[in-house]
There are 2 protein chains.
Amino acid sequence: MNYPNGMKKINLTHNITYSNRGMSLENDLNLSNKYYEERDLAYIYKKPTPIKIVKVNYKISKIEEAYFDTPSTTDYNGLYKGKYLDFEAKETKSKTSFPLDNIHPHQIKHIKNITKNDGICFLIIRFTTLNLTYLLRAENFIEYINSTERKSIPLSYFNEKAYLIKDSLKPRIDYLKIVDKIMEV
Amino acid sequence: MNYPNGMKKINLTHNITYSNRGMSLENDLNLSNKYYEERDLAYIYKKPTPIKIVKVNYKISKIEEAYFDTPSTTDYNGLYKGKYLDFEAKETKSKTSFPLDNIHPHQIKHIKNITKNDGICFLIIRFTTLNLTYLLRAENFIEYINSTERKSIPLSYFNEKAYLIKDSLKPRIDYLKIVDKIMEV
């Protein structure tokens, strides 16, 4: 596995030429999932943010008052080779660590449950400033939070335990390549 | 679920005699899924109805204009014994057949894709007037729609090919019992 330390500087200074560099992780994942779906490789869906509906005008089927709710599960789930796959995706601007308050307690409970029941579960974390995207298996994530009181996961833990997802074009984030490795174990 | 005022009243007044009759299939399934989750048996989620958000007041995080959207997948998916499970649930008042216009073309495509990729996929159909609830495997559903131009599936086809789900209390709709049978095959 290579850790392109030199690359980040190049990336930053050449920002103008990389037209897609500004794309969010969510957008990249949606495009990747679309790519997988079009090739009949996997069916992974982003769950819509839960919304609490307060007021509906039924005559014209219009929602007139609603609020965003806190998700109790991860954002993505779906089917890959008959297996259940489940993950959460988060970005951080930090250059040194991933702040754990990005993951709600309900989501942590969910991640534990899925892992215990043989679902393939992981986090995809992007350090946007460093332009590094990692896949961290749920097992390693749980191991970390069980072993420490710290409020963040240092980058060094990602370098040690997570898989670096290399940038690519089609699909943009080829995380199933890493899932294949995980499934082999 | 919020229904227009008229319907709510009817449910309340008739609730006394038909103890479970007034419950919707969706409500029964949500309770059953909760039951499974609490016992660490399965993690099955209802996807929220997709909503097209038009106007948000970001100052107070309030959605001021939005509309219900057509779902492109089934309503429920999740994890059971490591496997990916996926289903659609529908009620009909008809005593003789299930009208196929209840299932959108996008959903039919989704059901085919999931089945082809070894997901466990089925429909749960309740004939509310008859108080009969069936689990119809996606394979049989696809077989039917491929073999006919008819716009509905007759009750006789359910009696022949589907599994009758008996009423129970805990969980209310014990569909995993039938999934176990399907997985054995």
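Residues numbered from 1 in each chain as written. Chains lettered and ligands numbered in written order. Predicted model: local features only at pLDDT ≥ 70, side-chain atom pairs only at ≥ 80, totals over all residues. Heavy atoms only, no water.

## Looking at the packing of helix α3 (residues 105–116) of chain A against helix α4 (residues 138–147) of chain A
Residue and element names in this part refer to chain A. Our working definition: Axis angles are defined between N-to-C directions and span 0 to 180 degrees, where every axis is a line fitted to C-alpha atoms and, for a helix, only to the segment in contact. Numbering of helices and strands runs from the N terminus; a helix is a DSSP stretch of H or I covering at least four residues, while a strand is a stretch of E covering at least two. Any angle that is under 35 degrees is reported as roughly parallel, and any over 145 degrees as roughly antiparallel; angles of 65 to 115 degrees are reported as roughly perpendicular and all others as oblique. Each crossing gets its hand from how the near helix is turned against the far one by less than a right angle, where anticlockwise is left-handed and clockwise is right-handed. By definition in these notes, contact holds between two residues if any of their heavy atoms fall within 4.5 Å.
Orientation of α3 relative to α4, taken along the N-to-C sense of each, is 130°, at an axis distance of 10 Å. On the basis of their axis angle, the class for α3 and α4 is oblique. The way α3 lies across α4 gives a crossing that is left-handed. Side by side, α3 and α4 meet where I108, I111, K112 and T115 of the first sit next to A138, E139, F141, I142, I145 and N146 of the second.

## What to know about the relation of the copies chain B and chain A
We apply this condition: When the copies are superposed, the least-squares fit draws on C-alpha atoms of residues that have pLDDT of at least 70 in both.
Mapping chain B onto chain A calls for a rotation angle of 180° and an axial translation of 0.0 Å; the resulting RMSD is 0.0 Å. Expressed as a symmetry operation, the mapping of one chain copy onto the other fits a two-fold axis. Comparing contact sets, 91% of the residues at the interface of chain B also lie at the interface in chain A, consistent with an isologous, same-surface contact.

## Notes on the sheet that holds strand β3 (residues 62–68) of chain A
The line we're drawing: Pairing between strands is defined by DSSP: at least two bridges between the two strands are required.
Read from one edge to the other, the open sheet built from four strands follows the order β2(A)-β3(A)-β3(B)-β2(B), with strand pairing classed as antiparallel. Every interior strand has two partners, whereas the edge strands, β2 (51–57) of chain A together with β2 (51–57) of chain B, have only one. Strand after strand, the sheet turns through a mean of 30° between neighbouring axes, direction not considered. In this sheet, β3(A) lies alongside β2(A) in antiparallel orientation, the contact comprising six bridges. Among the inter-strand pairings, V56(A) is bridged to a residue of β3(A), identified as I63(A).

## Quick word on the interface of chain B and chain A
Worth spelling out the cut-off: Two parts placed together each lose some accessible area under a 1.4 Å probe, and the buried area is that loss summed for both. Salt bridge, as used here, is a side-chain nitrogen of Lys or Arg placed within 4 Å of a carboxyl oxygen of Asp or Glu. What qualifies as a polar contact is a pair of N or O atoms within 3.5 Å, subject to a donor-acceptor requirement within protein and to the restriction that residues adjacent in sequence count only when both atoms come from side chains. As a working rule, the residues Ala, Val, Leu, Ile, Met, Phe, Trp, Tyr, Cys and Pro are called nonpolar, Asp, Glu, Lys and Arg charged, and the rest polar, with Gly in that last group.
Each partner contributes to the interface: chain B provides 35 residues, whereas chain A provides 34 residues. Buried area between chain B and chain A, both sides added, is near 3,000 Å², and the carbon and sulfur share of it is 63%. On the surface where chain B and chain A come into contact, there are two salt bridges. Among the ionic pairs, D40(A) bridges to K116(B), the shortest N-O distance being 3.5 Å. Counting every contact that joins chain B to chain A gives 15 residue pairs in polar contact (both at pLDDT 80 or more). For the side of chain B that touches chain A, the elements supplying multiple residues, two or more each, are β1 (42–46), β2, β3 (62–68), β4 (76–80), β5 (83–92) and α3 (105–116) of chain B. No other element matches β3(B), which puts seven residues into the side of chain B that touches chain A. Class assignment for the residues of the side of chain B that touches chain A results in 17 nonpolar, 10 polar and eight charged. As paired elements, β3(A) and β3(B) share four bridges and run antiparallel to each other. By the bridge assignment for β3(B), K62(A) is matched with Y67(B).

## So, the pattern of salt bridges
All names here are of chain B. Going by this rule: Categorising residues by exposure relies on relative accessible area from a 1.4 Å probe, with only protein chains included: less than 20% of the type maximum marks a residue as buried, more than 50% marks it as exposed, and the intermediate range marks it as partly exposed.
This model, assessed by the stated rule, comprises 20 salt bridges over all chains. The closest approach of N and O atoms between R172 and D28, which form a salt bridge, is 3.6 Å. Of this pair, R172 sits in the loop between β10 (163–164) and α6 (175–184) while D28 sits in helix α2 (residues 25–38), and the two are 144 residues apart along the sequence. Each member of the pair, R172 together with D28, is buried. Salt-bridge contacts for K161 lead to E143; the nearest nitrogen and oxygen are separated by 3.7 Å. Here K161, found in helix α5 (residues 155–161), pairs with E143, found in helix α4 (residues 138–147); they are 18 residues apart in sequence, far enough to count as distant. Take K161: its relative accessible area is 30%, and that puts it in the partly exposed class. A residue is classified by how much of its surface remains accessible, and E143, at 42% relative accessible area, is partly exposed.

## Looking at the environment of R126(A)
Residue and element names in this part refer to chain A. Among the secondary structure elements, R126 is positioned in strand β7 (residues 120–127). Take R126: its relative accessible area is 7%, and that puts it in the buried class. Linking R126 and T70, residues 56 residues apart in sequence, is a C-alpha distance of 21 Å. Reaching out from R126, the side chain makes a polar contact with the side chain of T133 at a distance of 2.9 Å.

## Some thoughts on the confidence of the model for chain A
As a note on interpretation, predicted positions should not be read in detail where pLDDT is low. All names here are of chain A. The following threshold applies: For every residue, the predictor assigns a confidence score, pLDDT, that lies between 0 and 100.
Predicted confidence across chain A gives a mean pLDDT of 88, with 88% of residues reaching 70 or more. This model gives residues 1–21 a pLDDT under 50, and the stretch forms 18 contacts once residues within four places in sequence are excluded. Interface confidence in the predicted complex, given as ipTM, is 0.82; pTM for the same model is 0.83.

## Examining helix α6 (residues 175–184) of chain A
Since the α-helix advances by 3.6 residues per turn, residues separated by three or four positions end up pointing in the same direction. All names here are of chain A. For clarity, the cut-off: Note that the arc is computed from the directions linking the helix axis to the C-beta atoms.
The complete set of buried residues in α6 reads Y175, L176, I178, V179 and I182. Looking straight down α6, one finds that the buried residues subtend no more than 150° of arc, so they occupy a single side. Those residues of α6 that are exposed and angled more than 90 degrees off the buried face are K177 and E184.

## Looking at the environment of Y45(A)
Mapped onto the elements of the fold, Y45(A) is located in strand β1 (residues 42–46). Spatially, the C-alpha atom of Y45(A) lies 24 Å from that of I63(A), the residues being 18 residues apart in sequence. In this structure Y45(A) touches E37(A), D75(A), Y76(A), N77(A), T73(B) and H110(B), once residues within four positions along its chain are discounted. In this structure the side chain of Y45(A) is engaged in a polar contact, spanning 3.0 Å, whose partner is the side chain of H110(B).

## What to know about the packing of aromatic side chains
Each aromatic ring pair is described using two quantities: the centre-to-centre distance and the angle formed by the ring planes. Residues and elements named next belong to chain B. Definition in use: Aromatic rings from Phe, Tyr and Trp, with only the six-membered ring used for Trp, were paired whenever their centres fell within 6.5 Å, and each pair was classed as stacked if the ring planes differed by under 30 degrees, edge-to-face if by over 60, and tilted otherwise.
Following the criterion strictly, the structure yields 21 aromatic pairs over all chains and no others. A ring pair is formed by Y76 and F87, whose centres lie 4.7 Å apart and whose planes are at 5°; its orientation type is stacked. With Y76 in strand β4 and F87 in strand β5, the pair connects residues that are 11 residues apart, well separated along the chain. In terms of burial, Y76 and F87 fall into one category: buried.

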